[in-house]
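Listed below, chain by chain, are the residues.
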Number of protein chains: 2
Amino acid sequence: MQQRKITLDENQIPRQWLNIIPYLKNPPAPYLNPQTLEPASPEDMAVIFPEALLQQEMSTDPWIDIPDPVLDFLSIWRPTPLVRAYGLEKALNTPAKIYYKNESLSPAGSHKPNTAIAQAYYNKMAGVKRMTTETGAGQWGCALSLCCNHFDLECKVYMVKVSSQQKPHRLTMMRIWGASVTPSPSDETEAGRSILAQDPDSPGSLGIAISEAVEDAAKRDDTKYGLGSVLNHVLLHQTIIGLEAMKQLEQIEIEPDVVIGCVGGGSNFAGLAFPFCVEKSAGKDIQIIAVEPTACPTMTKGVLTYDFGDTAKMTPLMRMHTLGHDFIPPGIHAGGLRYHGVGPLISCAIEEGLVEPRSVPQTSIFNAAITFARSEGIVPAPEASHAVAAVVDEAIKAREEGKEKTILFNFCGHGHFDMTAYESYFGGKLIDYEYPEEKVKEALARLPKLA
Amino acid sequence: MQQRKITLDENQIPRQWLNIIPYLKNPPAPYLNPQTLEPASPEDMAVIFPEALLQQEMSTDPWIDIPDPVLDFLSIWRPTPLVRAYGLEKALNTPAKIYYKNESLSPAGSHKPNTAIAQAYYNKMAGVKRMTTETGAGQWGCALSLCCNHFDLECKVYMVKVSSQQKPHRLTMMRIWGASVTPSPSDETEAGRSILAQDPDSPGSLGIAISEAVEDAAKRDDTKYGLGSVLNHVLLHQTIIGLEAMKQLEQIEIEPDVVIGCVGGGSNFAGLAFPFCVEKSAGKDIQIIAVEPTACPTMTKGVLTYDFGDTAKMTPLMRMHTLGHDFIPPGIHAGGLRYHGVGPLISCAIEEGLVEPRSVPQTSIFNAAITFARSEGIVPAPEASHAVAAVVDEAIKAREEGKEKTILFNFCGHGHFDMTAYESYFGGKLIDYEYPEEKVKEALARLPKLA
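Cut-offs and rules
- Residues numbered from 1 in each chain as written.
- Chains lettered and ligands numbered in written order.
- Predicted model: local features only at pLDDT ≥ 70, side-chain atom pairs only at ≥ 80, totals over all residues.
- Heavy atoms only, no water.
- Axes fitted to C-alpha atoms, helices over the stretch in contact; angles between N-to-C directions.
- Helix = DSSP H or I, 4+ residues; strand = E, 2+ residues; numbered from the N terminus.
- Parallel < 35°, antiparallel > 145°, perpendicular 65-115°, else oblique.
- Left-handed = near helix turned anticlockwise from the far one by under 90°.
- Contact = heavy atoms within 4.5 Å.
- Nonpolar A, V, L, I, M, F, W, Y, C, P; charged D, E, K, R; others polar.
- Phe/Tyr/Trp six-rings, centres within 6.5 Å; stacked < 30°, edge-to-face > 60°.
- Buried < 20%, exposed > 50% of the residue type's maximum accessible area, 1.4 Å probe, protein only.
- Pairing = 2+ DSSP bridges.
- Disulfide = S-S within 2.5 Å.
- Least-squares fit on C-alpha atoms with pLDDT ≥ 70 in both.
- Buried area = accessible area lost by both parts, 1.4 Å probe.
- Salt bridge = Lys/Arg side-chain N within 4 Å of Asp/Glu carboxyl O.
- Polar contact = N/O pair within 3.5 Å; in protein donor to acceptor, adjacent residues only side chain to side chain.
- Expected span 1.5 Å × (residues − 1).
- Bend = angle between axes of the 7 residues up to and from the residue.
- Arc of directions from axis to C-beta.
- Core = buried A, V, L, I, M, F, W, Y, C linked by side-chain atoms within 4.5 Å.

### Some remarks on the packing of helix H17 (residues 419-426) of chain A against helix H8 (residues 168-176) of chain B
Interaxial distance between H17(A) and H8(B) falls to 9 Å at its minimum, and their mutual angle equals 55°. The pairing of H17(A) with H8(B) is recorded here as oblique in orientation. In this structure, H17(A) meets H8(B) at a crossing whose hand is left-handed. Each of Met419(A), Thr420(A), Tyr422(A), Glu423(A) and Phe426(A) in H17(A) lies in contact with H8(B), whose residues at this interface are Pro168(B), His169(B), Thr172(B), Met173(B), Arg175(B) and Ile176(B). Here the contact of H17(A) with H8(B) is built from residues that sort into six nonpolar, three polar and two charged.

Structure follows, in structure tokens:
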């Protein structure tokens, strides 16, 4: 029988995270204080993050130790298997070898708990009693609920209102883990009230929900804020994925030609890809592809500039590819990955030529999802299906070119809570949408002018 | 760090299933033809099952080889880890060691694909083009959809109408794998039309859906029927769970004192427990507990007698514990496990004193589910939570008795598609219900008198 899963023992879980910053030619630009537009001080950030995470955010050490209590919790589902996608290869009739890291096996169903458990741990150690966050599709909210519960922290989740209506089951799952969930915009924060005053029927957005969660954390001494993507320390915590994959590929003596991940804020992509970016920066020949929706084309149509992380302009400004912090994704978009910006480190990697961005329309995404579900068994989340869509394209290209490439991708989550999106697909209700460049220009014209 | 998961390599997946029949003191009673009430002939059964499965149904060989194409598919998620439930032990403050087989990791989310893939394989080998089945909560319908798709068989699922309304997402998942799903009772079969004529608003039941699926299969030459539990060959295919668990326990040199599983038709229970029943029949001291809902108390209040497997009396009669084939579970019951009967081999094992049945009310089940989700991370299906509830009771008993028992149980499925039931629980809408003995007596009085 063919070996399908390349596995590691629990004692082979990596003991350190890999920090890409020292391997970049240019260090990432400093964050800016949202009031002064001057470089943000550690004190600015300490209102909402504990010191240990701020140190990681700024660290230039290449390796950072993973604390034992974090490793212990990760062992519930880690190491995740590296899976040879024999079924998908056969379905595509490709000479390419396709491998994926199955990050859907965590209790929350995605890669998100890799960082949620680290964030909950460092907050617990800092004496924090309560964490706030935002969630869109619900993957991150579930992950932080799960991990706060593990360390006996209260968890308060602001969930994008339209998502809380479309995906009430994610809300229930968060309650199972003891979290309290509020649809956003809400009347519990100034940011929420001000949005509701302008538009009582606002469907909400990630940017708005972040404003509410940050405001809540800033107001209370016992409370800090956790973000599920974008920031350096979040991407750092995810590198355990790529480090495991490297050990697994070594076992079978294979090196990938192409590495693929989907990008919202960039955490699952960075998690798999950054260790390979480090190898690429040292001269290795690897193609590294970051995939996003055409409906939210942050990397492919956005502009690399300073922007706020949230709608109410409460977070520091970060230099990143952005569509503008007041971006609201089109209602017809069911494919996930709706954040207006992207992790500053992803932007650095694109700028340095390590990463190649690409966008895919949502009907291609769901076509690829069905192909994957029927050939590999597992039903992918729409987010993961962006990666699958690019894998399908690359595998077909390999067939056309007659090349026996090795493709590695991150299967970042299952689609068990995305059945409404699949129903829209089967019902023919999904329309492809290209976000227009003019709207990006208009949005960026609204940004503050920097010196 | 403590080792949490005891794992096996893919090449350690058992190569044979274990048949309990040769280890029973008394062989199971023959099935009876539903018209003549005489022992059913192989021809009676061949209308709806392929010969290879009928041979397994009657086999007295202790070991039966698992075909390679079945093993290959099983390797998508098998071997499943044996997990030490440190979190649950701590939450219960018990000296007991608790281990569980995590069968929720299959693409369909439960143990059901273990037999679905074998059934699809033998049907494919027999030249069958199309399979029919019934499903209640949707676990089995999903499993057969997944596995028929793998072998390019059409799959037609009759889904209990009330479940298809309460759990539309399970229906979507079956469509993702290419199945066609019809709410039951439907107007597509005589059985369905006759029920609808009596009660146009019938919520349906497993017994009715089985009648429709069997009738559909019997009518068409290219079609056979697949059952997700109850029958000998189905229970046989699940023994891979217990056989893996034994290998894993050997690795850590531990023997269980208590083995626990939940019972609807009995397949996940038998899968884990039968290999241990064989050891018990050879003299080993193990307590083996089968758990069912008080709302559907087949083993604890049902009577061991011949009854039909379906409402329309189309299937052979089987000697089993039964509440009567016209049983319809109470509407307030959210806890799964709603079949009126139980696998004849489970009944034999109870009769021979190998297995101890027990019933649990649904609020205890959901209390246990929340305890498990918050201590072990994973959200259990209501079905699996029956086993968890009994584990909790046994672990507390061990604490009270000061005994360091080892408890092994089957975590047969996750609850990702059961959020509506959890919502009812949080909303205080779940009421405990004891099915009354008089109703069992009335139902059994309606059974045909045998010579």
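### A look at the packing of aromatic side chains
Residues and elements named next belong to chain A. Considering all chains together, one arrives at 26 aromatic pairs over all chains under this definition. Ring centres of Tyr-121 and Tyr-122 lie 5.3 Å apart, and the angle between their planes is 70°; this geometry places the pair in the edge-to-face category. We note that Tyr-121, like Tyr-122, is buried. Counting every residue linked through ring pairs, the aromatic cluster contains Tyr-100, Phe-372, Phe-409 and Phe-411.

### Quick look at the pairing of strand S5 (residues 97-102) of chain B
Residue and element names in this part refer to chain B. With respect to burial, S5 is a largely interior element, five of its six residues being buried. Both strand S4 (residues 82-84) and S5 contribute to a ladder of three bridges, which runs antiparallel. Considered in S5, the bridge of Arg-84 is made with Tyr-99. Two elements, S5 and strand S15 (residues 406-411), share six bridges in a ladder whose sense is parallel. Pairing of Asn-102 across the sheet is with Phe-411, part of S15.

### Side note on the state of the cysteines
Residue and element names in this part refer to chain B. Counted by the stated rule, this structure contains zero disulfides over all chains. Distance from the sulfur of Cys-142, which forms no disulfide, to the nearest cysteine sulfur (Cys-155) is 9.8 Å. Assessed through its relative accessible area of 6%, Cys-155 is described here as buried.

### Thoughts on the side chain of His169(A)
If you trace the backbone, His169(A) turns up in helix H8 (residues 168-176). Note on His169(A): relative accessible area 18%, which makes it buried. His169(A) has contacts with Phe417(A), His169(B), Met419(B), Thr420(B) and Glu423(B), leaving out every residue within four places of it along the chain.

### Some remarks on the relation of the copies chain A and chain B
With an RMSD of 0.0 Å, the fit of chain A onto chain B corresponds to turning through 180° and sliding 0.0 Å along the axis. Taken together, the turn and the small shift mark the pair as related by a two-fold rotation axis. Taking C-alpha positions as reference, the residue of chain A nearest the rotation axis is His416(A), located at 3.3 Å.

### Quick look at the interface of chain A and chain B
Contacts between chain A and chain B engage 44 residues on the former and 44 residues on the latter. Carbon and sulfur atoms make up 57% of the surface buried where chain A meets chain B, a total of about 4,000 Å² over both sides. Interface area lost by chain A to chain B is led by Met1(A), Arg4(A) and Ile176(A), which between them contribute 18%. In this structure, the connection of chain A to chain B is made through four salt bridges. Where chain A touches chain B, the interface holds 25 residue pairs in polar contact (both at pLDDT 80 or more). Listing elements by their share of the side of chain A that touches chain B, those giving two or more residues are helix H3 (68-74), helix H6 (139-150), H8, helix H15 (362-376) and H17 of chain A.

### Details of helix H13 (residues 267-281) of chain B
Residues and elements named next belong to chain B. The terminal C-alpha atoms of H13, which comprises 15 residues, lie 19 Å apart, in line with the 21 Å expected from a rise of 1.5 Å per residue. Of all the bends found along H13, the most pronounced is centred on Ala-273 and spans about 45°, while Pro-275, a proline, follows it within four residues. In terms of residue burial, H13 counts as a mostly covered element, since twelve of its 15 residues are buried. At the exit of H13 stands Gly-283, carrying a positive phi of roughly 110°.

### With respect to the sheet that holds strand S7 (residues 154-160) of chain B
Residue and element names in this part refer to chain B. In spatial order, the strands read S8-S7-S6-S9; together these four strands make up an open sheet with parallel pairing. Where the open sheet ends on each side, the last strands, each with one partner, are strand S8 (180-184) and strand S9 (223-225). Averaged over all pairs of adjacent strands, the angle between their axes in this sheet comes to 25°, without regard to strand direction. Pairing between S7 and S8: five bridges, direction parallel. Residue pairing across strands places Lys-156 opposite Ser-180, the latter belonging to S8.

### A short note on helix H9 (residues 190-198) of chain B
Residues and elements named next belong to chain B. Those residues of H9 lying buried are Ala-191, Gly-192 and Ile-195. The arc that holds the buried residues of H9, viewed along the axis, is 95°, so those residues lie on one side. Projecting away from the buried face of H9 at angles above 90 degrees are the exposed residues Glu-190 and Ala-197. Looking at the buried residues of H9, the elements they touch are helix H10 (206-219).

### Things to note about the nonpolar core
Formed by 139 residues in total, the largest nonpolar core has its most connected members in Ile260(A) and Phe409(A). The dominant element in this core, judged by the number of residues it contributes, is helix H16 (residues 382-401) of chain A, at nine residues. With residues up to four places along the chain from it excluded, the contact list for Phe409(A) reads Ile98(A), Tyr99(A), Tyr100(A), Lys101(A), Ile260(A), Leu272(A), Phe372(A), Ala387(A), Val388(A) and Val391(A). Counting residues in each nonpolar core, the second largest holds 138 residues, with Leu144(A), Leu231(A), Val83(B) and Tyr100(B) among its members.

### What about unusual backbone geometry?
Residue and element names in this part refer to chain A. Between Arg-78 and the following residue, Pro-79, the backbone shows a cis peptide bond with an omega angle of -5°. In this structure, Pro-79 sits in the loop between H3 and strand S4 (82-84). Cis geometry marks the peptide bond from Ser-184 to Pro-185; its omega dihedral reads 10°. Position of Pro-185 among the secondary structure elements: in the loop between strand S8 (180-184) and helix H9 (190-198). Although it is not a glycine, Asp-152 adopts a positive phi angle of roughly 55°. With respect to the element layout, Asp-152 can be found in the loop between H6 and strand S7 (154-160).

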